[in-house]
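Remarks on the overall topology
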Amino acid sequence: TPAFLSVRDLHVRFATEDGTVKAVDGLSFDLERGRTLGIVGESGSGKSVTNLTVLGLHDPRTTTVTGEIHLDGQELTRAPERTLERLRGNTMAMIFQDPLTALSPYYTVGRQIAEPYRKHTGASKRDARLRAVEMLEKVGIPNPRLRVDDYPHQFSGGMRQRAMIAMALVCDPDLLIADEPTTALDVTVQAQILDLLKDLQQEFGSAIILITHDLGVVANTADDLLVMYAGRAVERGTVREVLRAPRHPYTWGLLSSMPRLSSAVDEPLSPIPGTPPSLLAPPPGCPFHPRCGYTAEVGGERCRGERPTLPDGRGAACHLGTERTRTLFTEQIKPR
Ligand code: SF4
Ligand code: MG
């Protein structure tokens, strides 16, 4: 049987004045209910575009989507807008980085949680308000009976993020997509929000896609991991597998640019040299080759000429091969 969410050979292209941008270039992954998939990559890696496409929020006038997306057996890339609209907020919901893009300043927080609930369930105003209070309580807002009548500006940043989570979960979605949900928050609040997402997942049993540029965010929150680069998945595995023994040089770069909580505060971070490639004219062969320090290991022109493929299941899209990456990671990367 197919997975609850199954994405197969997804291509997303934008028409721009300068040419066609291949924002997502042949992406496949599966996600089951009750599991969290972390999608990690720099901006422009295609991680946000992938998820906007799943939600059907791309602009059909400028965007071409091919491939297949199945959610609970239903194909989404060819689904009419009316179907997608019904699914959004009901079967699938989203949380964004900035709560102020989702919350209107003109309505009370309670009303904004109650409205989608009324719309999707036909509940009475009174019941929807009670449900809003209940949701605010679930996401840890103190005095929810009073705070339900507050406006977003009366909430702190962390509380607004909690309110947005309440809004996303009010219809008990089966799929929750969280795009950089904690980036704007300080470290303590960030940890609280991630814990909250985990707890709520246990209660609601939803599938979660957690999009982030920060491996630290997925380390304690996600079950499975997909590392994206230049519109392609370059590594996949369980979070444990990828963090213990990452196999792609790009993942090594992400790891060494991640602050380690256990080490001295002043440990210098080593960001990955170079910048992500233009998606108007992506480099031939391995898209990471202009930034990769291991092309000589592969020998000759292979990295520049031949596109490495990502196997299903655990693996990396790299010509180095599993054995060589294991040795390199142990000998060169890990001791740093
Ligand atoms: Fe680096 Fe070559 Fe592997 Fe690409 S295929 S990540 S360029 S070693
Ligand atoms: Mg993004």
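Residues numbered from 1 in each chain as written. Chains lettered and ligands numbered in written order. Predicted model: local features only at pLDDT ≥ 70, side-chain atom pairs only at ≥ 80, totals over all residues.

- The name an unreviewed UniProt entry assigns to the protein is Oligopeptide transporter (ABC superfamily, atp_bind), from the organism Streptomyces himastatinicus ATCC 53653.
- The UniProt entry for the protein carries the following text under Subcellular location (unreviewed entry): "Cell membrane".
- Quoted verbatim from the Sequence similarities (unreviewed entry) field of the UniProt record, the comment on the protein reads "Belongs to the ABC transporter superfamily." (UniProt positions renumbered as here; feature names shortened; annotations may be inferred.)

**Concerning the packing of helix α4 (residues 109–121) against helix α7 (residues 157–169)**
- The N-to-C vectors of α4 and α7 enclose an angle of 20°; their axes lie 8 Å apart at closest approach. As judged from the angle between their axes, α4 and α7 are roughly parallel. Crossing geometry of α4 relative to α7 is assigned as right-handed. When α4 is examined against α7, the residues Val109, Gln112, Ile113 and Pro116 are found in contact with a partner set consisting of Ala163, Ala166 and Met167. (Axes fitted to C-alpha atoms, helices over the stretch in contact; angles between N-to-C directions. Helix = DSSP H or I, 4+ residues; strand = E, 2+ residues; numbered from the N terminus. Parallel < 35°, antiparallel > 145°, perpendicular 65-115°, else oblique. Left-handed = near helix turned anticlockwise from the far one by under 90°. Contact = placed C-beta atoms within 7 Å.)

**As for the pairing of strand β9 (residues 224–229)**
- Burial runs high along β9: 6 of the 6 residues are buried.
- The alternating pattern of β9 places Asp224, Leu226 and Met228 on one face and Leu225, Val227 and Tyr229 on the opposite face, and all of these are buried.
- Two strands pair when backbone bridges link them, and strand β3 (residues 36–40) and β9 are joined in this way by 4 bridges, in the parallel orientation. Paired with leucine 37 across the two strands is aspartate 224, which belongs to β9.
- Summarising the sheet, β9 and strand β10 (residues 232–238) pair through 6 bridges and their orientation is antiparallel. From the neighbouring strand, tyrosine 229 faces β10, where its bridge partner is arginine 232.
- Remark: 2 residues form the turn of the hairpin made by β9 and β10, two consecutive strands paired antiparallel; alanine 230 in that turn has positive phi of roughly 50°. (Buried ≥ 20, exposed ≤ 12 C-beta atoms within 10 Å, placed from the backbone. Pairing = 2+ DSSP bridges.)

**With respect to the sheet that holds strand β8 (residues 207–212)**
- The 7 strands are arranged β6-β7-β8-β3-β9-β10-β11 in an open sheet whose pairing can be described as mixed. Lying at the two open borders of the sheet, with one neighbouring strand each, are β6 (92–95) and β11 (315–316).

**Points about the sheet that holds strand β4 (residues 63–71)**
- One open sheet holds the 4 strands; their spatial order is β2-β1-β4-β5, and the pairing between them is antiparallel. Strand pairing shows two members of the sheet lacking a second neighbour, β2 (19–31) and β5 (74–75), which therefore form its edges.
- Note that strand β1 (residues 5–16) and β2 share 10 bridges and pair antiparallel. Bridging from a neighbouring strand, valine 12 pairs with valine 24 of β2.

**Regarding the site of ligand 1**
- The environment of ligand 1 is formed by 14 residues, the closest being Cys286, His289, Cys292, Cys303 and Cys318.
- Grouping the amino acids of the shell around ligand 1 by side-chain chemistry returns 10 nonpolar, 4 polar and no charged. (Near = placed C-beta within 6 Å. Nonpolar A, V, L, I, M, F, W, Y, C, P; charged D, E, K, R; others polar.)

**Description of the nonpolar core**
- Within the largest apolar cluster, 85 residues are counted, with the highest numbers of intra-cluster contacts made by Ile113, Ala166, Ala168, Val227 and Val234.
- With 8 residues, α7 is the single largest residue contributor to this core.
- Both domains that furnish three or more residues to this core are identified here as domain 1 (34–52 + 82–91 + 176–333) and domain 2 (97–172).
- The contact partners of valine 227, leaving out residues within four places of it in the chain, are Val40, Gly41, Ala233, Val234, Glu235, His248, Tyr250 and Thr251. (Core = buried A, V, L, I, M, F, W, Y, C linked by C-beta atoms within 7 Å. Domains from an automatic or database assignment.)

**So, the domain arrangement of the protein**
- What the domain assignment reports for the protein is domain 1 (34–52 + 82–91 + 176–333) and domain 2 (97–172).
- Taken over C-alpha atoms, the centre of domain 1 sits 31 Å from the centre of domain 2.
- With 14 residues of domain 1 at the interface, the matching set in domain 2 holds 15 residues.
- At the level of secondary structure, the elements contributing two or more residues to the side of domain 1 that touches domain 2 comprise β7 (175–179) and α8 (187–204).
- Residue composition of the side of domain 1 that touches domain 2, by class: 9 nonpolar, 3 polar and 2 charged.

**Here we look at the environment of alanine 132**
- In this fold, alanine 132 is placed in helix α5 (residues 125–138).
- For the pair alanine 132 and threonine 36, spaced 96 residues apart in sequence, the C-alpha separation works out to 25 Å.

**Comments concerning α8**
- Between its first and last C-alpha, α8 extends 25 Å over 18 residues, near the 26 Å set by a 1.5 Å rise per residue.
- Every buried residue of α8 is listed here: Ile193, Leu194, Leu197 and Gln201. Down the axis of α8, the buried set is contained in an arc of 100°. They therefore lie on one face. Seen from the open side of α8, the exposed residues pointing more than 90 degrees away from its buried face are Thr188, Gln202 and Glu203.
- Its buried side turned inward, α8 meets β3, α7, β7, β8 and α9 (215–219).
- At the C-terminal side of α8, glycine 205 shows a positive phi close to 70°. (Expected span 1.5 Å × (residues − 1). Arc of directions from axis to C-beta.)

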